[in-house]
Amino acid sequence: MWLLIPTIFSAYFSGRLMYIIFQRLTNTRSLKESKQPVRTLIVIGSGGHTAEMLRLMNNMNKLKFTPRLYLLADSDTTSRNRVENDEIGLDWSISTIPRSRHVNQSYITSIFSTIYAIFITVPVVISFRPDMVLCNGPGTCVPVCLVAFLMKLFHYADTSIIFVESICRVKSLSLTGKLMYFIADLIIVQWPELRQKYGQRVHYLDEGLNSS
């Protein structure tokens, strides 16, 4: 009897995993709507990614998306300064995690750095327990989204994952975007060519999406 318990749990979570992925691939899950403030975790990249994300945040109703936790790479002091200069009020904070993949780092070694980043990310995301994860572009968001996905898988939190592809991606999704294709609730692209290539799985920014 006791030997059956691991098998039952394994079958249950395997089935739930397939169900969640199916929901995303078929767009059968709608983002939850609530009149309550949305606990929002914003993953900040670097350089142009930071500029895009902060521009997006400035066009959102920050009174609705609160409290806000900005998560960025521990080595990215420039982005940290930009967030601190851009934000106002008290209901926001910053946390840092290791980069999952550095520029020009090989894909093989990035596997190990990503695992390490996930290990560091777990307590940060679990303690904040976001209603929504908002991210774009860089690999920094991969461990964050994986943790959020696992939280949903194990019924700890019903977190919506929204991935905004960088404006520089015109003809194909980035590596991060391709990974998010399977676990994000909503993928937004900024060029109609990507919308045409990837179909209903992605949404073009000018199709009337209301972020605020």
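Residues numbered from 1 in each chain as written. Predicted model: local features only at pLDDT ≥ 70, side-chain atom pairs only at ≥ 80, totals over all residues. Heavy atoms only, no water.

In the nomenclature of an unreviewed UniProt entry, the protein corresponds to UDP-N-acetylglucosamine transferase subunit ALG14 from the organism Macrosiphum euphorbiae. In its Sequence similarities (unreviewed entry) section, the UniProt record describing the protein reads: "Belongs to the ALG14 family." Listed under Subcellular location (unreviewed entry) in UniProt, the entry text for the protein is "Endoplasmic reticulum membrane". (UniProt positions renumbered as here; feature names shortened; annotations may be inferred.)

Moving on to the pairing of strand E3 (residues 92-97). Every other side chain in a regular strand lies on the same face of the sheet, so the side chains alternate between the two faces. With six bridges connecting them, strand E2 (residues 68-73) and E3 associate as parallel partners. What sits directly across from Ala73, in E3, is Ile97. Following the chain from E2 across helix H3 (residues 77-86) to the adjacent parallel E3, one finds a crossover that is right-handed. (Pairing = 2+ DSSP bridges. Helix = DSSP H or I, 4+ residues; strand = E, 2+ residues; numbered from the N terminus. Right-handed = clockwise from strand over helix to strand, strands pointing away.)

Let's shift gears to the nonpolar core. Ranked by internal contacts, the top residues of the largest apolar core, which has 31 residues, are Leu41, Val43, Val133, Val144, Cys145, Phe163 and Met180. A total of eight residues in this core trace back to one element, the largest contributor, which is helix H5 (residues 141-153). Excluding residues within four positions of it along the chain, Met180 makes contact with Val142, Cys145, Phe163, Ile187 and Arg201. Ranked by size, the runner-up nonpolar core spans 18 residues in total, among them Val38, Val83, Ile162 and Leu186. (Core = buried A, V, L, I, M, F, W, Y, C linked by side-chain atoms within 4.5 Å. Buried < 20%, exposed > 50% of the residue type's maximum accessible area, 1.4 Å probe, protein only. Contact = heavy atoms within 4.5 Å.)

The subject of this paragraph is the environment of Thr96. For Thr96, the position within the fold is in strand E3. Along the primary structure Thr96 and Val124 are separated by 28 residues, whereas in three dimensions their C-alpha atoms are 9.0 Å apart. The contacts of Thr96, once residues within four sequence positions are left out, are Leu71, Leu72, Ala73, Asp74 and Arg80.

Time to look at the pattern of salt bridges. Taken as a whole and assessed by the stated rule, the structure comprises five salt bridges. A salt bridge links Asp158 to Lys152; the nearest nitrogen and oxygen atoms lie 2.6 Å apart. Classification of Asp158 as partly exposed rests on a relative accessible area of 38%. Salt bridges sharing common partners tie together Lys62, Arg68, Asp86 and Glu87. (Salt bridge = Lys/Arg side-chain N within 4 Å of Asp/Glu carboxyl O.)

That bond from Thr66 to Pro67 is cis: its omega, -5 degrees, falls within 30 degrees of zero. One can find Pro67 in the loop between helix H2 (48-58) and E2. One non-glycine residue, Arg129, lies in positive phi territory at about 50 degrees. Within the secondary structure layout, Arg129 lies in the loop between helix H4 (107-128) and strand E4 (132-136). What makes Arg129 partly exposed here is its relative accessible area of 41%. Of note in this structure, His155 is not a glycine but carries a positive phi near 60 degrees.

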